[in-house]
Amino acid sequence: MMSESFSDGKWVATGLRQTPPTVILTFVRCLLLLPVALLVWGCSEVPITHREGLHLVPESELLTLSFQEYDQVLKKSKLSADQGKTHMVRAVGEKVARSAESFLRDSGQSAAVKNYHWEFNLIEDDKTVNAWCMPGGKVAVYTGILPYTQDETGLAVVLGHEIGHAIAEHGNERMSQALLANMGGMALSVALSEKPSETRDLFMTVFGVGVTVGALLPYSRLHESEADRIGLMLMARAGYDPREAIPFWERMSKGSKAKTPEFLSTHPAPESRIENLRNYLPEALPYYQKRR
Ligand SMILES: [Zn+2]
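Residues numbered from 1 in each chain as written. Predicted model: local features only at pLDDT ≥ 70, side-chain atom pairs only at ≥ 80, totals over all residues. Heavy atoms only, no water.

Caption draft 1: View of the coordination of the zinc ion. The coordination sphere of the zinc ion, as far as protein atoms go, consists of His161 (NE2), His165 (NE2), Glu224 (OE) and His267 (ND1), spread over 1.9 to 2.0 Å. One can describe the site at the zinc ion as tetrahedral: its four donor atoms subtend angles covering 94 to 121° at the metal. We classify His165 as buried; its relative accessible area is 3%. (Donors = N, O, S within 2.8 Å, 3.2 Å for Na, K, Ca; no water. Tetrahedral: all angles 85-135°; square planar, octahedral: opposite > 155°, others 65-115°. Buried < 20%, exposed > 50% of the residue type's maximum accessible area, 1.4 Å probe, protein only.)

Right, dumping it as structure tokens:
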């Protein structure tokens, strides 16, 4: 939107010189809306890390949009006819979901539990190596990721990670940032009424639902490490061996040389991922050992 460059001994805003009225208006709008939004919705604490995440979107609006968009995705997709695999996705999903709810209660966030209306669906698409969780616990797994997950434990790694992003409410942060960057800081309800299709596209991009890799938005390094850490706790509490997260991410980064899997595009693997996972294991392992 606006960039600066050093010229003739002073900083100039190059973006402002190119398209002054629109950019200035958008920028002023951002500045005016930001403090109001902060006062109204403010921040929310991420479980475990206790980081304050910036939440500019009211949760109820995000949930309404999420439930509508999830139904749309299901309508447009072909659900797997394989009852065994579908049952496995739902069974592992439900276990990780129960573990997420007890984790939220233990973290002093019992009030958040009511926002989750868990749903797990397996989409028949062997070419798409992906899985995502929209706000409110609406999860999709594509059959293309199953060769990487291999079994229930591998699936628990993916679902733990995805649900980890969800309960850390990374989606609200991403949607807040996307509205600031692309819609001049418009409130979600205003954006939906003024630019419905752009806003829905933005939502799909934010939650990794894009069909083409070019349209996918990677999670930040910080969000990735929070989801990894919470994911290990969730799978361990659900009775799955959290050590299996390491071979899963290794399979993911070694496989598919020809095309980067969608899952890796939205969840980029920092060099330090395996090392971080090893560091988080002592925190998660006791929960798994207690379940055995
Ligand atoms: Zn991730």
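The rest of the description comes next.
Caption draft 2: Quick peek at helix H10 (residues 221-237). With 17 residues, H10 ought to run about 24 Å at 1.5 Å a step, and its terminal C-alpha atoms sit 24 Å apart, in line with that. In terms of burial, H10 is a largely internal element, 14 of the 17 residues being buried. Gly239 lies just past H10 and shows a positive phi near 95°. (Helix = DSSP H or I, 4+ residues; strand = E, 2+ residues; numbered from the N terminus. Expected span 1.5 Å × (residues − 1).)

Caption draft 3: Spotlight on unusual backbone geometry. Located in the positive-phi region is Gln150, a residue other than glycine, with phi close to 70°. Here Gln150 shows up in the loop between helix H5 (146-149) and helix H6 (152-167). Overall, the relative accessible area of 54% leaves Gln150 in the exposed class. A positive phi angle is found at Glu169, which is not glycine, with a value near 55°. You can see Glu169 is positioned in the loop between H6 and helix H7 (170-182).

Caption draft 4: Local environment of the environment of Lys290. With respect to the element layout, Lys290 can be found in helix H13 (residues 273-291). With a relative accessible area of 67%, Lys290 lands in the exposed category. In the structure, Lys290 is positioned 54 residues away from Ala236 in sequence and 9.2 Å away in space, judged by C-alpha atoms.

Caption draft 5: A look at helix H9 (residues 196-206). Here H9 has its buried residues at Thr199, Leu202, Phe203, Met204 and Val206. In this fold, the buried residues of H9 make contact with helix H3 (59-76), strand S6 (131-134), H7 and helix H8 (188-194). Downstream of H9 by a residue or two, Gly208 has a phi angle that is positive, lying close to 70°. (Contact = heavy atoms within 4.5 Å.)

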